[in-house]
Amino acid sequence: MNNEISIGLLGLGTVGSGVARILNQHQQDLHHKLGVQVSIKKVLIKDEHKERLSILDRNVFTTDVYEILNDPSIDIIVEVMGGIEEAKQSIESALLAGKQVVTANKDVMAEHGHELLKLADRERCDLFYEASVAGGIPIIRTLEDGLASDRISSLMGIVNGTTNFILTKMKQENMSYEKALAQATEFGYAEADPSSDVDGLDAARKMVILSSLAFSTEVHLEDVLVRGMKEIQDGDLELANSFGYTMKMVGTSKKDEEGIEVSVEPIFLANSHLLASVNNEFNAVYIYGDTVGETMLYGPGAGSLPTATSVVSDIIAACRNLLLEVNGKRVHAAQHKRVIKPANCCYAKYFHRLLVKDEVGMLTKLTSIYSKHNASLQSVMQHPIKNEGMAEVILLTHQISRQQHLDVIENLEGIASIISHYRIEGEESA
Ligand code: NAP
Ligand code: HSE
C-alpha cells in the first residue's frame, strides 16, 4: 500500500462510471493531496457484454465479487451496485476482511446502517456513506464534522429529486403528473421502480440516515410517518399558492425533550421558507442548530458526476486514514435512546379541504367537531360549487397536535368527504 492505494469497485453503472471518471481525470490532484497513487484494481459487473468505459482496462472486470473481496492487495471497497442483500453481504465481507468501505447505497444504510456501522467499529474499519443522501451535497460530513459542536433541533430536507422535479413542473409549467414523472425517469432521476420516489420511501430512507446522525440515536424506517404524492388532489397546488404557500415533498425531523418526530409528506411550505425556492431535481437540507441557528445546503441530489464527487471524497477520507493508520476511529455508537414522540406531542398547523352539502347549519356542524377536539381554527372559507348543491370548505387550523388533527379528520367523515389535508410549515408570506 505504500505508494499506491487500490480500489475494488462494485458496480460500474451511473455512479460507478462517474467514480472511475473522476479518479482518472483528477489523478494528479489526488496524488498531490495524498502523496500516493489511487487506482482501480478490479471492477464488479453483471453483464459481460455491455460496452464499458474505455479508460478502464478490460482485464479489471469480473463477475465474481469474491475475486475482489478476497484480494489482499485491495484496500478500499466502493459499493455502488445498489440493491440490499448482496450489497449488505459484500459490505460485511469487506469489513470482516479488514478493508475500508465506501457506499452510496441509501437502501442498505437505512435498513442495516446501524448494524454495519457497529461492525465497522468492531473491525476498526471505515464505513463512509456520504453519497447515500442528497447525491453531491456534503450533508453527512456537515452533520458529522462541520456542525459537530452544535445540538441540532430540527432538520428539513428536499431529499428526493424526482418528486421535487414533478412538483416544480406541475406548478411552473402546468405539466401533468404523468408527463413530469416520465421526464424525471427519462432524465435518470427516478429509481428503477419510481413508486419508491413518489410514495416517499426513498426520501424516508434518507431521513432515517440523516435523523440518526443529527440526533445521535437509532431511527428506524418504521418510525417515519410517510405520505406520498398520491395524497395531492387536483387544485391543491393552486390553493397552496393562493394562501402564500408552495406544495413540497419534505422530510422533517424534529427533536425536543419529549423525543423525536420524523416524517416525509407533501406539505404546505410558506413561500418565505428557504426550502420553498428549491426547484426541479435539486435537493436541499435546512438545519436548525441551537447555536448556529439556520443553515442550508443546496445542490444536485443525484446524477453520475455529482454523486461520484461524494463517493470520491469518501475515498480520499479513507485513504488519509489509511496513510495515518487511523481507520475506524470515528464514534458511531448512538448517544441517546430511541424515543419517538407520540402523535399527541407533535404540533403543527394544518390545512383541511372538505366537500360538504351546501345546506344551512353545515358550517356550524363542522366547526363544532373542531371545538369538540379543542382544535383551534385560524380561518374557514366556503366556496359553493355551482348547480351541484355542494360546497368546498377550506379550514386552516392554529397549532394543534397531530392526534387532534387525526381525531378531527376521523370525526368529520360522517358529514364531509375529505378532499385533502396537509401540514403547514412556516409563516405565510401573502
Ligand atoms: P446502476 O446504474 O443500476 O448501476 C449498478 C451497477 O452495479 C451496474 O454496473 C451493474 O452491472 C452492477 N451490478 C448490480 N448488481 C450486480 C450484481 N448482482 N453483480 C454484479 N454487478 C452488479 O445504479 P446507480 O444509479 O449507479 O446506483 C448505484 C448506487 O448508488 C445505488 O445504491 C443507488 O441508490 C446509489 N445512488 C445513486 C444515485 C444516482 O444518481 N444514480 C444517487 C445517489 C445514490 P452491469 O453494468 O453489468 O449491469
Ligand atoms: N431517485 C432518487 C431521487 C435518486 O430522485 O432523488 C437519488 O437518490
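I will try to describe carefully the structure that is included in this document. Values in this document were obtained by computation on a predicted structure and should not be read as measured data. (Residues numbered from 1 in each chain as written. Chains lettered and ligands numbered in written order. Predicted model: local features only at pLDDT ≥ 70, side-chain atom pairs only at ≥ 80, totals over all residues. Heavy atoms only, no water.)

A word on the overall build of the chain. If you tally the helices and strands in the chain, you get 14 helices and 17 strands. Relative to the compact-globule value of 22 Å for 430 residues, the chain shows a C-alpha radius of gyration of 24 Å, a close match. If one aligns the C-alpha atoms of the chain with their principal axes, the spans along those axes are about 85 × 45 × 35 Å. Expressed as a percentage of its 430 residues, the buried residues of the chain come to 54%. Restricting to contacts in the chain with at least 6 residues of sequence separation, those with at least 24 account for 74%. For the chain, the accessible area works out to roughly 19,400 Å², and carbon and sulfur atoms hold 48% of it. (Helix = DSSP H or I, 4+ residues; strand = E, 2+ residues; numbered from the N terminus. Rg over C-alpha atoms; globule rule 2.2 N^0.38 Å. Buried < 20%, exposed > 50% of the residue type's maximum accessible area, 1.4 Å probe, protein only. Contact = heavy atoms within 4.5 Å. Areas by Shrake-Rupley, 256 points an atom, 1.4 Å probe, with all protein chains shown as cover.)

With that out of the way, let us pick up the pattern of salt bridges. Using the criterion set out here, one finds 29 salt bridges in the structure. The partner of Asp71 in a salt bridge is Lys41, and the shortest N-O contact between them spans 3.4 Å. Of this pair, Asp71 sits in the loop between α3 (65-69) and β4 (76-79) while Lys41 sits in strand β2 (residues 37-44), and the two are 30 residues apart along the sequence. Members of the salt-bridge network, linked through shared partners, are Arg227, Glu231, Lys254, Glu265, Arg423 and Glu425. (Salt bridge = Lys/Arg side-chain N within 4 Å of Asp/Glu carboxyl O.)

Attention now moves to the packing of aromatic side chains. Enumeration according to the criterion identifies nine aromatic pairs in this entry. Their ring planes at 35 degrees and their centres at 4.3 Å tell us that Phe268 and Phe351 sit as a pair that is tilted. With Phe268 in strand β10 (residues 259-270) and Phe351 in strand β13 (residues 347-357), this pair connects stretches of sequence that are 83 residues apart. An aromatic cluster of three or more residues is present, and its members are Phe243, Tyr245, Phe268, Phe351 and Tyr422. (Phe/Tyr/Trp six-rings, centres within 6.5 Å; stacked < 30°, edge-to-face > 60°.)

Quick look at helix α1 (residues 14-25) now. Taking 1.5 Å as the rise per residue, α1 with twelve residues should run 16 Å; its terminal C-alpha atoms sit 17 Å apart, in good agreement. Three or more residues of α1 are buried, namely Val15, Gly16, Ser17, Gly18, Val19, Ala20, Ile22 and Leu23. Turning to α1, the residues buried within the fold contact β1 (4-10), α2 (27-34), β2 and α12 (304-324). (Expected span 1.5 Å × (residues − 1).)

Moving on: the pairing of β1. Buried residues dominate β1, accounting for six of its seven residues. Examined bridge by bridge, β1 and β4 share four bridges and lie parallel to one another. Bridge pairing in β4 places Ile7 opposite Ile76. (Pairing = 2+ DSSP bridges.)

Further remarks concern the packing of helix α5 (residues 106-122) against helix α10 (residues 201-215). Running from N to C, α5 and α10 cross one another at 45 degrees; their axes reach a closest spacing of 9 Å. Taken together, the axis directions place α5 and α10 in an arrangement best described as oblique. The chirality of how α5 crosses α10 is left-handed. Contacts from Lys106, Asp107, Met109, Ala110, Glu111 and His114 in α5 reach Asp202, Arg205, Lys206, Val208, Ile209 and Ser212 in α10. Of the residues contributing to the contact of α5 with α10, the split by class is four nonpolar, two polar and six charged. (Axes fitted to C-alpha atoms, helices over the stretch in contact; angles between N-to-C directions. Parallel < 35°, antiparallel > 145°, perpendicular 65-115°, else oblique. Left-handed = near helix turned anticlockwise from the far one by under 90°. Nonpolar A, V, L, I, M, F, W, Y, C, P; charged D, E, K, R; others polar.)

We now examine the sheet that holds strand β6 (residues 127-128). Read from one edge to the other, the open sheet built from six strands follows the order β3-β2-β1-β4-β5-β6, with strand pairing classed as parallel. In the strand order of this sheet, the two ends are held by β3 (61-62) and β6, each with one partner.

His112 marks where α5 bends most, by close to 85 degrees. Among the residues of α5, Lys106, Asp107, Val108, Met109, Ala110, His112, Gly113, Leu116, Leu117, Leu119 and Ala120 are the ones counted as buried. For α5, the elements touching its buried residues are α4 (85-96), β5 (100-103), β6 and α10. Of the residues that open α5, the one with a side-chain oxygen 3.2 Å from the backbone nitrogen of Asp107 is Asn105. The first or second residue beyond α5 is Arg124, which carries a positive phi of 55 degrees. (Bend = angle between axes of the 7 residues up to and from the residue. Polar contact = N/O pair within 3.5 Å; in protein donor to acceptor, adjacent residues only side chain to side chain.)

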